[in-house]
Structures are given as structure tokens and as C-alpha cells.
Amino acid sequence: MEDVSVVHIIDDDRSLREALASLFASVGLETRLYAAVQDFLDADRPDMPACLVLDVRLPGMSGLDAQDHLKELGVHMPVVLMTGHGDIPMSVRGMKAGALDFLTKPFRDQDMLDAVLAALDHDRAQRSSDLKLNELTARLNTLSPRERQVMALVATGKLNKQIAWDLQLSEITVKIHRGAAMRKMEARTLPELVRMADALDLRVEATRN
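What counts and what doesn't
Residues numbered from 1 in each chain as written. Predicted model: local features only at pLDDT ≥ 70, side-chain atom pairs only at ≥ 80, totals over all residues. Heavy atoms only, no water. Helix = DSSP H or I, 4+ residues; strand = E, 2+ residues; numbered from the N terminus. Expected span 1.5 Å × (residues − 1). Buried < 20%, exposed > 50% of the residue type's maximum accessible area, 1.4 Å probe, protein only. Arc of directions from axis to C-beta. Contact = heavy atoms within 4.5 Å. UniProt positions renumbered as here; feature names shortened; annotations may be inferred. Core = buried A, V, L, I, M, F, W, Y, C linked by side-chain atoms within 4.5 Å.

For the protein chain, an unreviewed UniProt entry supplies the name Response regulator transcription factor and the organism Gimibacter soli.

Now the structure itself:
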């Protein structure tokens, strides 16, 4: 299956937008071009691995303010910042806001390609992680409240008899709930169940109960 991804480019310099589109096309990347942040926000964006190449100095909303605004909107997309007037404070603010790279114009084509390909790899990994977590959450929602409690306590390293004491149950009942949790979570081994619980932050939940 072909790996499809898209690079969103926001820059008010049309010639630079088109030059970047040509550069990315040379390595098989699809691009979407925008002159301002609002154009990007108003556009339909395909649900596929993507990154945002964002100029810092833009008409209207600046690139750095756009980073903050996108987070508020729940748009989580790796960002590569670029500017013709880069300085340390801007770079630090951009990186703290989550930018993966910061390139000062004029930049080498290879530096931009490397930054964008790394950003796309980052987005693919994040999407894969999110998908796995969503699948685990869906399985977790099939557990009864007691099975969830037992799974959470198992993740803390407690033995069946300790869990039985904590929940005022018989040890055999705890074993039954643990087995049901493993079956519903599709965990083949106890360590795998514990890893799932960790991914779902159930250890924290166990300490609150």
C-alpha cells in the first residue's frame, strides 16, 4: 500500500510556496499551499500523515501565534518553522511550543527535506500510537467495574491474595475477574496485561481507589 502524506505550506511569499511545492514533489510528497494561517484553518484537511511548514512572519496571525491557536483547536500536526529574520528568542519560543525544527531563510533544500521527512515520520508514529491507545480504550470499556479494578491493582504488582484483601473478595473471585480482564483486553500474558494497564494509566487509577 502506498504511503500517502501531505505537507501544508503557509507563507505569504508565493514564489517560495511554489518553490517548496516543487521541492517536495521531487520526492513524491503532496502539498497544500496557503498565503495565511486563516486560509489553512478554513481549508478541508485530509486525514493522513502530515506536517506544517510555517513561516514565522505572516500577515494577520503570526506563525508562532498560529502554533498556540492550533493547539487550542486540537490540531496536532508536527511543525517546521521558517523565517528570514530568525533570532534566539523566536527559536526558543517556537521549539517550546512544539516545533520540531526551525530553519532560517535562505535554507538548503536538503535541510528542509530532512526536517519535513522527520516531521512526517513523527506524525506517522504518533498516529500509530493514538490508534493503538484508542483500541485499548475500546477494549477497556468492555470490562466490568470490578474487572477494571482488578486489572488496575494487578498493574501495581499486587498478588491475587493482596487484591482479594483490598477489595474484600475471595482469591478465586479475583482470579476469575483477572482472567476475564485478560480475555477482554486480548492479553496473552500477565506482563502484556500490565503493559496495557500502564498505557492506559490504570496504575494512577488504582492509587486513587
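Colleague: Can you lay out helix α1 (residues 14-25) for me, pointing to particular residues and giving the numbers?
Modeller: Between its first and last C-alpha, α1 extends 16 Å over 12 residues, near the 16 Å set by a 1.5 Å rise per residue. Residues of α1 that are buried: L16, R17, L20, A21, L23 and F24. Burial along α1 is one-sided: seen end-on, the buried residues are contained in an arc of 160 degrees. The exposed residues of α1 that point more than 90 degrees off its buried face are R14 and S22. For α1, the secondary structure elements touched by its buried residues are β1 (6-10), β2 (30-34), β3 (50-55), β4 (79-83) and α5 (109-140).

Colleague: Before we move on, could you go through the UniProt feature "modified residue: 4-aspartylphosphate" (unreviewed entry) in the protein chain and cite the residues and values that matter?
Modeller: Sequence positions flagged by UniProt for "modified residue: 4-aspartylphosphate" (unreviewed entry) are, in local numbering, D55. By the element assignment, D55 lies in strand β3. Among residues more than four places away in sequence, those in contact with D55 are I10, D11, D12, G63, M82, T83 and K105.

Colleague: Now, about the nonpolar core: what can you tell me, with residues and values included?
Modeller: Core analysis: the biggest nonpolar cluster contains 22 residues, and I10, V37, F40, L52, L54 and L81 have the highest contact counts within it. Of all the secondary-structure elements, those providing two or more residues to this core are β1, α2 (37-42), β3, α3 (63-72) and β4. Other than its neighbours up to four places away in sequence, L52 contacts H8, I10, F40, L70, M77, P78, V79 and V80. With 19 residues, the next largest nonpolar core counts V7, V53, F107 and A115 among its residues.

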